[in-house]
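# Chain and residue survey
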Amino acid sequence: MRTTKNVRFLTQAAMIAALYAVLTYAAAAVNLAYGAVQFRFSEALTVLPVFTPAAIPGLAVGCFLANLGSPLGLVDWIFGTGATLLAAVGTWMARKIQIKGVPVLAPLPPVIANVVLVGFELSCLSSAGTFALGNFTWAAFGASALSVGIGELVICYALGLPLLLALRKTGASQRLFSC
């Protein structure tokens with residue numbers, strides 16, 4: 001029985017990782033996945049920890065795979081993946097805070113994590129795209145955090161929350177994520 005649960009967990013995490021990466025590359029094809037203005041369709045999936053803890057490593061691995069294509073390279077692999085991992089854990093923790101049965105705070109951790117970590121990452125870039133802590137300014141952080149935050153807020157609440165509700169209403173969440 002334990003082996004079946006482990007295989008199911010691993011399979012769910014792998015499917016979420018693959019879906020996240022593919023959706024990010026789709027957004028990259030129309031220049032929406034990397035940089036100061038991001039509308040990653042894949043960020044809608046950050047609500048999935050509401051249904052399964054397998055989404056935590058799934059989203060982090062998916063983000064890492066997606067960021068392999070980032071023009072920022074190693075810096076984005078670290079900060080972007082870290083933001084997604086923290087966001088997924090935060091969503092898992094916020095899943096039980098509900099209003100009329102809706103976990104309304106579940107999409108918020110990805111917004112906060114990306115505002116802080118990706119905002120910081122982008123504010124440390126020079127005009128040539130070189131990352132250095134010495135490049136950081138509060139004005140650059142504010143601008144980066146705002147632009148990343150707006151994109152994240154739109155995706156997480158306009159796509160993520162409806163996805164969560166649709167998965168729940170159709171029963172797909174039970175079929176896909178029950179153990």
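Just so it is clear, the model here is predicted, and its values are computed rather than measured. (Residues numbered from 1 in each chain as written. Predicted model: local features only at pLDDT ≥ 70, side-chain atom pairs only at ≥ 80, totals over all residues. Heavy atoms only, no water.)

A word on the UniProt feature "transmembrane region" (unreviewed entry) in the chain. Under the present numbering, the feature "transmembrane region" (unreviewed entry) in UniProt falls on residues 12–34, 46–68, 74–94, 101–120 and 140–167. Segment residues 46–68 splits into 57% helix and 0% strand. End C-alpha atoms: 19 Å apart. Helix makes up 65% of residues 101–120 and strand 0%. Its end C-alpha atoms lie 34 Å apart. (UniProt positions renumbered as here; feature names shortened; annotations may be inferred. Helix = DSSP H or I, 4+ residues; strand = E, 2+ residues; numbered from the N terminus.)

Attention shifts here to the nonpolar core. L48, F51 and L59 are the most contacted members of the largest nonpolar core, which has 18 residues in total. Those elements giving two or more residues to this core turn out to be α1 (2–29), α2 (55–67), α5 (138–170) and α6 (172–177). The biggest single contributor to this core is α2, with five residues. Among residues more than four places away in sequence, those in contact with L59 are I16, Y20, L45, T46, P49, T84 and A88. (Core = buried A, V, L, I, M, F, W, Y, C linked by side-chain atoms within 4.5 Å. Buried < 20%, exposed > 50% of the residue type's maximum accessible area, 1.4 Å probe, protein only. Contact = heavy atoms within 4.5 Å.)

Using the criterion set out here, one finds one cavity of 30 Å³ or more in the structure. There is about 70 Å³ of room inside the largest cavity. Forming the boundary of the largest cavity are Y20, Q38, R40, E43, C63, N67, D76, G80, T84, N114 and V118. Elements represented by at least two residues in the lining of the largest cavity include exactly α2, α3 (74–94) and α4 (108–123). Counting residues per element, the lining of the largest cavity draws most heavily on α3, which supplies three residues. By residue class, the composition of the lining of the largest cavity is three nonpolar, five polar and three charged. (1 Å grid on protein atoms, 1.4 Å probe; cavity = no way out; pocket = protein on both sides within 12 Å on 5 of 7 lines; lining within 4 Å. Points joined across faces, edges and corners; volume = space filled by probe spheres on them. Nonpolar A, V, L, I, M, F, W, Y, C, P; charged D, E, K, R; others polar.)

All right, on to the layout of surface pockets then. Space inside the largest pocket adds up to approximately 210 Å³. A class-by-class count of the residues in the lining of the largest pocket yields nine nonpolar, two polar and one charged.

In the structure shown here, the tally under the stated rule is eight aromatic pairs. A ring pair is formed by F120 and F136, whose centres lie 5.6 Å apart and whose planes are at 40 degrees; its orientation type is tilted. With a gap of 16 residues between them, F120 in helix α4 and F136 in the loop between α4 and α5 connect regions that are remote in the sequence. Classification of F120 by relative accessible area gives partly exposed; the value is 25%. Summarising the aromatic geometry, the rings of F136 and W138 are spaced 5.1 Å apart at their centres and angled 80 degrees between planes, so their arrangement reads as edge-to-face. Among the residues examined, F136 registers a relative accessible area of 23% and is labelled partly exposed. We classify W138 as exposed; its relative accessible area is 66%. By way of ring pairs, the aromatic residues F79, F120, F131, F136, W138 and F141 are connected into one cluster. (Phe/Tyr/Trp six-rings, centres within 6.5 Å; stacked < 30°, edge-to-face > 60°.)

Moving on: unusual backbone geometry. Even without being glycine, N31 reaches a positive phi, approximately 60 degrees. With respect to the secondary-structure elements, N31 resides in the loop between α1 and α2. The phi angle at K100 is positive, at roughly 55 degrees, despite the residue not being glycine. By relative accessible area, K100 is classed as exposed at 84%.

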